[in-house]
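# Report on the structure
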Amino acid sequence: MSIAFPRAAAVRVDPRRFCGSAFPWPLVRDLADGRDVTACYLVHEKQRKETKSAKPYLHLVLGDRTGTIEAKVWDDADRLDRAFDADDVIGVRGKTSTYNDRLQLTVVWAEALEVVEDDLEFFIPCSPRDRGEMGRELDLLVNSVGDPALRTLLARCVGKGTALGKQFRIHPAAKRNHHAYLGGLLEHSVSVARACDRMCSHYLNQGARLDRDLLVTGAILHDIGKVRELAARRTFSYTNEGQLLGHILIGLQIVTREAEAIPAIRPDKLLLLQHLIASHQGRLEWASPKEPQTLEAMILHMADDLDAKMNPAIAALSAVDDGGWTAYDRSTGRSLFQPPAFPATSQVEPVPAAEVVGVVLDMFRG
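Residues numbered from 1 in each chain as written. Predicted model: local features only at pLDDT ≥ 70, side-chain atom pairs only at ≥ 80, totals over all residues. Heavy atoms only, no water.

## Section: the pattern of salt bridges
- Taken as a whole and assessed by the stated rule, the structure comprises 23 salt bridges.
- The partner of Lys-55 in a salt bridge is Asp-75, and the shortest N-O contact between them spans 3.2 Å. On the criterion of sequence distance, the pair formed by Lys-55 in the loop between β1 (36-50) and β2 (56-64) and Asp-75 in the loop between β3 (67-73) and α2 (77-81) is long-range, its members being 20 residues apart.
- With a shortest N-O distance of 3.2 Å, Glu-137 and Arg-194 are connected by a salt bridge. Taken together, the residues Glu-137 in helix α3 (residues 131-144) and Arg-194 in helix α6 (residues 184-205) connect sequence positions 57 residues apart.
- Looking at Arg-194, the relative accessible area reads 37%, which means it is partly exposed.
- One connected set of salt bridges, linked through shared partners, spans Lys-46, Arg-48, Asp-78, Asp-81 and Asp-85. (Salt bridge = Lys/Arg side-chain N within 4 Å of Asp/Glu carboxyl O. Helix = DSSP H or I, 4+ residues; strand = E, 2+ residues; numbered from the N terminus. Buried < 20%, exposed > 50% of the residue type's maximum accessible area, 1.4 Å probe, protein only.)

Here it is, written out as structure tokens:
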């Protein structure tokens, strides 16, 4: 296939302009054999190689949020090698084919593109949940906090109109292991806060003295330091600050700084909130500066640990047929079994959700 394209412009264009009428471009999972492709992908790997006749070519691994595909640049490899680098988002034109039973893409034109933050979700994994819906759940949780000073603190830290809040709502929760995708921090924090809210109600009914506003605030903010620990651009990586301090210390800095602008916040309440953040990882050997020493801190740690384990476990089991096993799962330290779906037994009284949570938490206690 020989197609002439204009030389790449000095100013990078955005993906929509590159694709034009081909927008939305095909996702990797939707590519098929023998298809002409105009699309935009993230460059995961780029290697310059030579054929047996010493002709240079480029070997690429391109990807988006749905997967990756191997690609080759056979012609004009020298010039296109200078047009983009690994970790660039590029616009490509080419054609798919099958080689050794694997789909690959022959690229005849490629150029680096300019990508804004809102378009990152095309190229790197994002939460399976709708980010707008999760944002509304977060707003409801914030508005449910009765303590005006804590509610103000939450608005400053995760409010959708603040720079910090915008980062919080798009950031991953980790580089790998759990919620390692755009929106993962929001998904994880909302999930932990909802679990804490339910467990708080359960243990209040058991006679515990708990501060629900403090617990929910701590659950929402426990990982806020990850907005500076992790760089969420085209790949997820640790910042220098993240490697030197870690998200717990960074989170304490953020919350303490924002609290300084709220005269109404009580110093003793702020201290308890700081303890929730400092102790949420639960154990000194897990890089937790402190172990939980209040009931609220114990609940938060258990909910956080459970959610971090359930997320990859649910993802692993989603690819397993009924009656099948997963491979060894590092996060839970075991292989997982997907039982068959049994017929509903509506005549049996369901176990209250709070009791189910308590049983599952017991499974993961060290």
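Let's pick the thread back up.
## With respect to the pairing of β3
- When β2 meets β3, the two strands line up antiparallel, connected through seven bridges. Note that in β3 the partner of Val-61 across the bridge is Glu-70.
- Hairpin remark: β2 followed by β3, antiparallel, with two residues in the connecting loop.
- Bridging between β3 and strand β5 (residues 102-112) involves three bridges; their strand directions are parallel. Across the sheet, the residue bridging to Ala-71 is Leu-105, located in β5. (Pairing = 2+ DSSP bridges.)

## Thoughts on the side chain of Asp-213
- Considering the arrangement of structural elements, one finds Asp-213 in helix α7 (residues 212-221).
- A polar contact is formed between the side chain of Asp-213 and the backbone nitrogen of Gly-146, at a distance of 3.1 Å.
- Here the side chain of Asp-213 touches Asp-147 through a polar contact of 2.9 Å, landing on its backbone nitrogen.
- If near-sequence neighbours (up to four positions away) are discounted, Asp-213 is found in contact with Ser-144, Val-145, Gly-146, Asp-147 and Leu-150. (Polar contact = N/O pair within 3.5 Å; in protein donor to acceptor, adjacent residues only side chain to side chain. Contact = heavy atoms within 4.5 Å.)

## Points about the nonpolar core
- The biggest cluster of nonpolar side chains holds 48 residues, and the ones touching the most others in it are Leu-153, Val-158, Phe-168, Ile-220, Leu-221 and Ile-224.
- It is α6 that contributes the most residues to this core, eight residues altogether.
- Non-local contacts of Ile-224, meaning those with residues more than four positions away in its chain, are made with Cys-157, Val-158, Leu-164, Phe-168, Gly-251, Ile-254 and Val-255.
- In terms of nonpolar packing, the next biggest core, distinct from the first, is built from 38 residues, Leu-62, Val-73, Leu-80 and Ile-124 among them. (Core = buried A, V, L, I, M, F, W, Y, C linked by side-chain atoms within 4.5 Å.)

## Remarks on the pairing of strand β4 (residues 89-99)
- In this structure, β1 lies alongside β4, joined through seven bridges in antiparallel fashion. Looking at the pairing, Ala-39 lines up with Val-92 of β4.
- Between β4 and β5, which pair antiparallel and follow one another directly, the connecting turn spans two residues, one of which, Asn-100, has a positive phi of 50 degrees.

## A look at α3
- Counted at 1.5 Å a residue, the expected span for α3 with its 14 residues is 20 Å, and the 20 Å between its end C-alpha atoms agrees.
- Where α3 is concerned, the buried positions are Met-134, Gly-135, Glu-137, Leu-138, Leu-141 and Val-142. Angular distribution of buried residues about the axis of α3 spans 160 degrees; they occupy a single face of the element. Facing away from the buried side of α3 by over 90 degrees, the exposed positions are Arg-136, Leu-140 and Asn-143.
- Elements that come into contact with the buried residues of α3 comprise α4 (148-158), α5 (163-170), α6 and α7. (Expected span 1.5 Å × (residues − 1). Arc of directions from axis to C-beta.)

## Considerations on unusual backbone geometry
- Note the cis peptide between Phe-23 and Pro-24, where omega equals 0 degrees.
- Tracing the backbone shows Pro-24 in the loop between α1 (15-19) and β1.
- The phi torsion at Asp-76 lies on the positive side, around 60 degrees, for a residue other than glycine.
- Examined against the element boundaries, Asp-76 turns out to sit in the loop between β3 and α2.
- Looking at Asp-76, the relative accessible area reads 39%, which means it is partly exposed.
- For Asp-101, which is not glycine, the phi dihedral falls at a positive 65 degrees.
- Relative to the helices and strands, Asp-101 is located in the loop between β4 and β5.
- A relative accessible area of 78% means that Asp-101 is categorised as exposed.

## With respect to the packing of aromatic side chains
- Tallied over the full model, the rule gives seven aromatic pairs.
- Here the aromatic rings of Tyr-57 and Trp-74 are separated by 4.8 Å at their centres, their planes lie at 35 degrees, and the arrangement is tilted. On the criterion of sequence distance, the pair formed by Tyr-57 in strand β2 and Trp-74 in the loop between β3 and α2 is long-range, its members being 17 residues apart.
- Classification of Trp-74 as partly exposed rests on a relative accessible area of 33%.
- A ring pair is formed by Phe-122 and Phe-123, whose centres lie 6.2 Å apart and whose planes are at 65 degrees; its orientation type is edge-to-face.
- Of the residues examined, Phe-123 reaches a relative accessible area of 2% and is grouped as buried.
- Among the aromatic side chains, those forming a connected cluster through ring pairs are Phe-23, Trp-25, Phe-122 and Phe-123.
- Just above the ring of Phe-84 sits the side chain of Lys-46; from NZ or CZ to the centre is 5.0 Å. (Phe/Tyr/Trp six-rings, centres within 6.5 Å; stacked < 30°, edge-to-face > 60°. Lys NZ or Arg CZ within 6 Å of the ring centre and 35° of its normal.)

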